Amino acid sequence: MTEIHDDDAFSLLEGLLVAVNAKELLVCAGDMDEHEAGKISSVLESCGVARSELPRSKFSDANVTTDLERLVGSSLPLVSFLDFKLAIPAAAALISFLNLIADPSNEGTVSVSLLDHAKFMHLDTAALRALNVVPFTGDGGGGKRATLYGLLNRTKTPMGSRL
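One numbering rule holds for all chains: residues counted from 1, following each sequence as written. Given that the model is predicted, a residue must reach a pLDDT of at least 70 before its local features are reported, and side-chain atom pairs must reach 80 or more before they are shown or counted; all residues, however, enter totals for whole chains, interfaces and linings. Working from all heavy atoms in the structure, the side-chain values ignore hydrogens and water.

### Section: a negative patch on the surface
Here's step 1: Patch definition: residues above 30% relative accessible area lacking any salt bridge, with like charges linked at up to 9 Å and the nonpolar side chains Val, Leu, Ile, Met, Phe, Trp and Tyr linked at up to 5 Å. Calculation of accessible area relied on Shrake-Rupley with a 1.4 Å probe; when residues are assessed, cover is drawn exclusively from the protein chains displayed. In what follows, salt bridge is the name for a side-chain nitrogen of Lys or Arg lying within 4 Å of a carboxyl oxygen of Asp or Glu. Only four residue types enter the tally: Lys and Arg on the positive side, Asp and Glu on the negative side; His and the chain ends are excluded. Charge positions come from single atoms, namely NZ of Lys, CZ of Arg, CG of Asp or CD of Glu. A cluster of acidic residues, Asp-7, Asp-8, Asp-33, Glu-34 and Glu-36, forms a negative patch at the surface.
Here's step 2: Along the chain, the position of Asp-7 falls in the segment before helix H1 (11-19).
Here's step 3: A simple rule labels every residue: compare its accessible area, found with a 1.4 Å probe on the protein chains alone, to the largest value its type can have, and call it buried under 20%, exposed over 50%, or partly exposed in between. For Asp-7, a relative accessible area of 38% gives the class partly exposed. A run of H or I in DSSP counts as a helix once it spans at least four residues, and a run of E counts as a strand once it spans at least two, with each numbered from the N terminus.

What follows is the structure, encoded as structure tokens:
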């Protein structure tokens, strides 16, 4: 869980999307103007991240503390996260979008941790492509072996390569 204050180019958002290998981003419908929406769409497209718009009602933090307590299994680790004014409603939207509360087997299986983006070096999509760190879908030659990941991944079994 984190909150960021980004610039007009959304470079910090792009760095975080690349760092956590995000697949989808949930946004509040009608929460930004066309210019911001266009910039975010171009950032998401360059990172290969899908965008899902949710109604503002999904970003309600009314029951999120009790929902998080059920999913985490205790209230003790959540105390430090309750000060996040934007992340808590976003967590509510995520819980609703994934329908986590409906399945009782999810209780006590979720962990919440702080992502301190100031402690990481941020690489945008262009830098990762230029450095050939990981393979990107749609890249022409070389495949996995032409990347840093492919050179270092010398495992013999499929299970080892998933690590």
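From this point, the narrative continues.
### Digging into the pairing of strand S1 (residues 24-28)
Within a regular strand, the side chains alternate between the two sheet faces.
Here's step 1: Two strands form a pair only when DSSP identifies at least two bridges running between them. Here S1 pairs with strand S2 (residues 50-54) via 5 bridges, running parallel. Note on S2: the bridge partner recorded for Glu-24 is Ala-50.
Here's step 2: When the strands point away from the viewer, a crossover counts as right-handed if the path from the first strand over the helix to the second runs clockwise. Once the chain exits S1 it traverses helix H2 (residues 34-47) before rejoining the sheet at S2, and the crossover so formed is right-handed.

### What to know about helix H4 (residues 87-98)
Here's step 1: One less than the number of residues in a helix, times 1.5 Å, gives the span that helix is expected to have. For H4, which comprises 12 residues, the first-to-last C-alpha distance of 16 Å matches the rise-based estimate of 16 Å (1.5 Å per residue) to within 8%.
Here's step 2: Buried within H4 are the following residues: Ala-87, Ile-88, Pro-89, Ala-91, Ala-92, Ala-93 and Ile-95.
Here's step 3: Only heavy atoms enter the contact rule, under which two residues are in contact if any of them lie within 4.5 Å. Against the buried residues of H4 lie S1, S2 and helix H3 (64-72).
Here's step 4: A positive backbone phi angle near 55° is found at Asn-99, which sits one or two residues after H4.

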